[in-house]
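# Structural features, examined
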Amino acid sequence: MSDDSRPSPSGARTAAVIPAAGRGVRLGPGAPKALRALNGTPMLIHAVRAMAASRAVSLVVVVAPPDGAAEVKVLLDSHALPERTDFLVVPGGDSRQESVRLGLDALPPGIDIVLVHDAARPLVPVDTVDAVIEAVRDGAPAVVPALPLADTVKQVEPAGVPGEPEPVVATPERALLRAVQTPQGFDRETLVRAHETVTDNVTDDASMVEQLGLRVVVVPGHEEAFKVTRPLDLVLAEAVLARRRLNDGF
Ligand code: C5P
């Protein structure tokens, strides 16, 4: 969709920050989640390629495990990545939020739009990435791709002991809910301000912008942008890759 030969109205340049410093304990024992292989290629490389696939993205900043930045740099150097995109690796922090902030700190001047993309969503299609960038270019300070929910969601009083029955507190109307994915897109200055201002622990960056009282909008997400969290997700991700290879005629 986007094309870097077509200047955006603002002449905006886009970078993607990929927090990849998590241990991914829910996947079970083994390498840090981002370094797990999907069809022989580390999940992180898939995620980096997914961002670099957008012609609008001129820089990808990978936030590596604090003790693994050198290893991640070697990994990026040893995989084919688009020539037109620059890559940086910085060490991450204790929380996702801190890792994103460290990634933002590494951005050079001249970047106006920032995508934040989980390494754990390696298969997001380029059309979704471009749709997010487009909506930021059109003036939204924060943009999230999201999907309607298949499941009804219950709010509960969490049980102190795992496995114990949990009382239901409320059932939010499903039609009003969306399951949020990444990349989330931001006007750079807005995201930096959000990270400077909001100190609560959050699970996504857009909620920090919401806390500033600014407008956050949703664009359609994609079912292939799911987060690889549990062992079954690895099976699904490999099946998606196999289908893509078939469709691409490899
Ligand atoms: O734990 P969760 O699945 O929500 O992590 C989302 C993303 O944040 C993952 O890509 C993970 O690598 C990253 N993360 C990070 N630094 C941390 C914790 C998580 O970069 N300290």
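Let us look at the structure shown here. Nothing here was measured: the structure is a model prediction, and the numbers come from that model.

What counts, and where the lines are drawn
Residues numbered from 1 in each chain as written. Predicted model: local features only at pLDDT ≥ 70, side-chain atom pairs only at ≥ 80, totals over all residues. Heavy atoms only, no water. Near = heavy atom within 4 Å. Polar contact = N/O pair within 3.5 Å; in protein donor to acceptor, adjacent residues only side chain to side chain. Areas by Shrake-Rupley, 256 points an atom, 1.4 Å probe, with all protein chains shown as cover. Nonpolar A, V, L, I, M, F, W, Y, C, P; charged D, E, K, R; others polar. Helix = DSSP H or I, 4+ residues; strand = E, 2+ residues; numbered from the N terminus. Buried < 20%, exposed > 50% of the residue type's maximum accessible area, 1.4 Å probe, protein only. Contact = heavy atoms within 4.5 Å. Expected span 1.5 Å × (residues − 1). Axes fitted to C-alpha atoms, helices over the stretch in contact; angles between N-to-C directions. Parallel < 35°, antiparallel > 145°, perpendicular 65-115°, else oblique. Left-handed = near helix turned anticlockwise from the far one by under 90°.

Around the ligand, 15 residues are found, and the nearest of them are P19, A21, G22, G93 and S99. Within the backbone of A20, an N or O atom sits 3.3 Å from an oxygen atom of the ligand. Within the backbone of A21, an N or O atom sits 2.9 Å from an oxygen atom of the ligand. Burial of the ligand by the protein chains amounts to 82% of its free accessible area of 460 Å². Taken together, the residues of the shell around the ligand break down into five nonpolar, four polar and six charged.

Now for the environment of S58. Structurally, S58 can be placed in strand 4 (residues 57-64). On the basis of relative accessibility, which here comes to 18%, the residue S58 falls in the buried class. Spatially, the C-alpha atoms of S58 and R84 are 6.8 Å apart, while their sequence positions differ by 26 residues. In this structure S58 touches R13, T14, R84, T85, D86 and I111, once residues within four positions along its chain are discounted.

A separate point is helix 4 (residues 126-137). Along its twelve residues, helix 4 runs 16 Å from first to last C-alpha, staying within 8% of the 16 Å computed at 1.5 Å per residue. Taken together, the buried positions of helix 4 are T128, V129, D130, V132, I133, A135, V136 and R137. Phi turns positive one or two residues past the end of helix 4, at G139, with a value near 115°.

Where helix 3 (residues 96-105) contacts helix 5 (residues 188-197), the two axes come as close as 11 Å, and the packing angle between them is 135°. One finds that helix 3 runs oblique with respect to helix 5. Note that helix 3 runs across helix 5; the crossing there is left-handed. Here helix 3 contributes Q97, V100, R101 and L104 to the contact with helix 5, which in turn contributes L191, V192 and H195. Residues belonging to the contact of helix 3 with helix 5 are distributed by class as follows: four nonpolar, two polar and one charged.

Bear in mind that shape data such as this cannot, by itself, settle questions of function.
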